[in-house]
Amino acid sequence: MPMRSDEGETSPKGDAAGLKAPLFGVPARPESFVKRPEEYAAILRALLTVESGEAVAISTALIGGGGFGKTILAKVLCHDPKVRQHFDDGIAWVTLGGAPSPDALARLCERVAGKPAAPNPTDTLAAALHGKSFLLVVDDVWSSRDLQPFLDITKQAGISCLLTTRQTAIGLGANTRRILVDQMSLDQACAVLAGDLDVRPASEILDRLRALAQRLGRWPVLLHLANRMLCFRLALGEPPESAIASLDRSLDERGVVAFDITSSTVREDAVARTVDASLDVLPPEHRAAYQDLAVFPEDTPVPIAAAEVLWSTSTTTAEDRLLRLHDLALLTVDLKNRTFTIHDVLLNYVRVKVGNDLPALHCRLVESYARACRGGWHRGPDDRYFFGHLVHHLVEAGRRNEARQLLLDFPWMRARLKASGVVDLLADYDRLGVGQDQALQVAQGAIRLSANVLAHDSTQLASQLTGRLVGCEEPQVRRLLGDAVACSRHDLWVRPLTACLTPPGGPLLRTLEGHSDVVTAVAVTPDGRRAVSASADRTLRVWDLDTGRTLRTLEGHSAWVRAVAVTPDGRRAVSASDDRTLRVWDLD
């Protein structure tokens, strides 16, 4: 099946001239940026060889603190004609962050492969990309566990991977080239500050910009904020010398002095003081609106429509506010996709500002959405945000009982499943915390047992719940089943009259699907979180027992794999095969 990119280009050869790779989820090229030739050249060397144009390393990692410019470099590289010509089958982008979406991999698979990801998105995507000249970018990696499925895809498919992370100790694998993205040089920092300013070499203005760059730690996120403040003043007719002096006074008043860029506490204080100076140029309603954005999750492109709901305002007003904030580099607006994002360094600032009022802000967003849901939560807006985040906002607002009722409401469960899949629906139960709640335990257990079916066909929800829960005496579960029957009365569906499917509460928790032939052996890691299975299909699979996902597929045997064992430390597996070999596998 051909791959369809976000630009409407069809792989394998991108545009009509065959020179540019199709892009999948890649953010727009930054409107303006300062070249960092040393770091950029190092990235190109890591991904490409000048002599033959072949990949040098499977993975390349950009490592540096938050706001140091890693993501900007990655965005620019994705739009580089040389890079797009080399990776002419495509470039895909996924952002993880501190709390990755549970279906990030599945969505990437559907976007790139053009078909459902079930039951194992890792294998589906690896098969679609096998043998292709493809680059996968994984932005803002916080943990090895979140990264591993994407590294597995690169290994299985033989494609290149570029990742960004601030975690210097994260497990990246032996084949990963590490490139440090640190402070800008003084000249680069001045170039950021001087953007859109008429600054002549050897001028007094340039000397003052150098001093300002040092004051801001040559930290890109602060330099960009300062530049937008200067441009704002210039747009009002203030001369450059006066604008710089005004900014210096504003920073003086807030105590922003030259600081140690290696100290996270000191950096956070510098951000707070610099952002305060930026907000001073805005009217009070815009400053308050910016703090309201603390309610949204980090590392998530938020639809502009969600801001409209939060602020209870029109599309025009919401866009105006967001664009004013964009002009000051306080967030980034993507009008093509109708979304905005806030750098996590700045999001942390607004959350600190909001402080203990954050639950009330979540409650306000929930109430605003409630007014748009006449007839029940399941009738909420299809704005690419509501269904995926309502339970999160209810929990954060302290309205746990409402979240609980939602997860026992068939119309909601059906709408949630249709909107974003079974993995996200199950994650909602984990967000709430099932605990000893019998009704929630039964509902989540039934969905988990049905996950392999629902991943293929979400319309089977009523049949799966009924076939597993008929006869359950728990009152709320009985009401759930009654709603399932009532809501499906106009549908063509199989209604089990007896409990003909395995019910929750027994020894079976979930069914793991993926092997194409007999499963011959299985071993479990000492921590009980992963299993390794062996099969007659000549592969081994590493499973996440919490989610049921395939983490890795281990290929290499040429005949049936008959046995597998895991070392006591859980880091390696040893397999035995009819091909008369044993193989030792690295599970990290």
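Residues numbered from 1 in each chain as written. Predicted model: local features only at pLDDT ≥ 70, side-chain atom pairs only at ≥ 80, totals over all residues. Heavy atoms only, no water.

Undergrad: Let's hear about the environment of Asp-327: which residues, and what values?
TA: With respect to the helices, strands and loops of the structure, Asp-327 is situated in helix H14 (residues 315–327). Measuring from C-alpha to C-alpha, the distance between Asp-327 and His-515 comes to 52 Å, with 188 residues separating the pair along the chain. (Helix = DSSP H or I, 4+ residues; strand = E, 2+ residues; numbered from the N terminus.)

Undergrad: Give a description of the packing of aromatic side chains that names residues and reports values.
TA: Within this structure, the stated rule accounts for nine aromatic pairs. Each ring, one from Phe-296 and one from Phe-340, has its centre 5.9 Å from the other, and the planes form 75°; the classification is edge-to-face. With Phe-296 in the loop between helix H12 (284–292) and strand S7 (302–303) and Phe-340 in strand S9 (residues 339–341), this residue pair connects regions lying 44 residues apart in the sequence. The pair Phe-296 / Phe-340 is uniform in exposure class, with both members buried. In this arrangement the basic side chain of Arg-321 is found over the ring face of Trp-311, its NZ or CZ atom lying 5.2 Å from the centre. (Phe/Tyr/Trp six-rings, centres within 6.5 Å; stacked < 30°, edge-to-face > 60°. Buried < 20%, exposed > 50% of the residue type's maximum accessible area, 1.4 Å probe, protein only. Lys NZ or Arg CZ within 6 Å of the ring centre and 35° of its normal.)

Undergrad: Any chance you could break down the environment of Leu-361 for me, citing the residues and the numbers?
TA: Looking at where Leu-361 falls in the secondary structure, it is placed in helix H16 (residues 358–370). We classify Leu-361 as buried; its relative accessible area is 7%. Placed 66 residues apart in sequence, Leu-361 and Val-295 show a C-alpha to C-alpha distance of 6.3 Å.

Undergrad: I'd like a description of the pattern of salt bridges, backed by residues and values.
TA: Inspection of every chain in the model, using the stated rule, returns 26 salt bridges. The closest approach of N and O atoms between Asp-546 and Arg-145, which form a salt bridge, is 3.9 Å. Note that Asp-546 is positioned in the loop between strand S12 (539–544) and strand S13 (550–555) and Arg-145 in helix H6 (residues 144–157), a separation of 401 residues in sequence. Classification of Asp-546 by relative accessible area gives partly exposed; the value is 48%. (Salt bridge = Lys/Arg side-chain N within 4 Å of Asp/Glu carboxyl O.)

Undergrad: Describe the packing of H16 against helix H17 (residues 386–396), with residues and values.
TA: Running from N to C, H16 and H17 cross one another at 135°; their axes reach a closest spacing of 9 Å. Taken together, the axes of H16 and H17 lie oblique to each other. Remark: the crossing between H16 and H17 carries left-handed chirality. Facing H16, whose interface residues are Pro-359, His-362, Leu-365, Val-366 and Tyr-369, H17 presents Phe-386, His-392, His-393, Leu-394 and Glu-396. (Axes fitted to C-alpha atoms, helices over the stretch in contact; angles between N-to-C directions. Parallel < 35°, antiparallel > 145°, perpendicular 65-115°, else oblique. Left-handed = near helix turned anticlockwise from the far one by under 90°. Contact = heavy atoms within 4.5 Å.)

Undergrad: Account for a nonpolar patch on the surface, naming residues and giving values.
TA: A cluster of nonpolar residues, Leu-512, Val-524 and Leu-545, forms a patch on the protein surface that exposes about 210 Å² of accessible area. Tracing the backbone shows Leu-512 in the loop between helix H23 (475–487) and strand S10 (519–524). (Patch = residues over 30% accessible without salt bridge, like charges linked within 9 Å, V, L, I, M, F, W, Y side chains within 5 Å. Areas by Shrake-Rupley, 256 points an atom, 1.4 Å probe, with all protein chains shown as cover.)

Undergrad: So what's going on with the sheet that holds S13? Residues and values would help.
TA: Two modes of strand pairing occur in sheets, parallel and antiparallel, and in both the strands are linked by backbone hydrogen bonds. Pairing is antiparallel across the open sheet formed by four strands, whose spatial order is S10-S11-S12-S13. A single partner strand is all that each edge strand has here, and the edge strands are S10 and S13. With strand direction ignored, the average angle separating the axes of adjacent strands in the sheet is 20°. Sheet strands touched by H6: S12 and S13. Its angle to S13, the strand with the most contacts, is close to 30°. (Pairing = 2+ DSSP bridges.)

Undergrad: An account of the state of the cysteines is needed here, citing residue identities and associated values.
TA: Tallying each qualifying case throughout the model produces zero disulfides. Just so you know, Cys-161 is unpaired, no disulfide at all, and the nearest cysteine sulfur is the one on Cys-78, 11 Å from it. Overall, the relative accessible area of 0% leaves Cys-161 in the buried class. The thiol of Cys-500 is unpaired, and the distance to the nearest cysteine sulfur, on Cys-472, comes to 15 Å. (Disulfide = S-S within 2.5 Å.)

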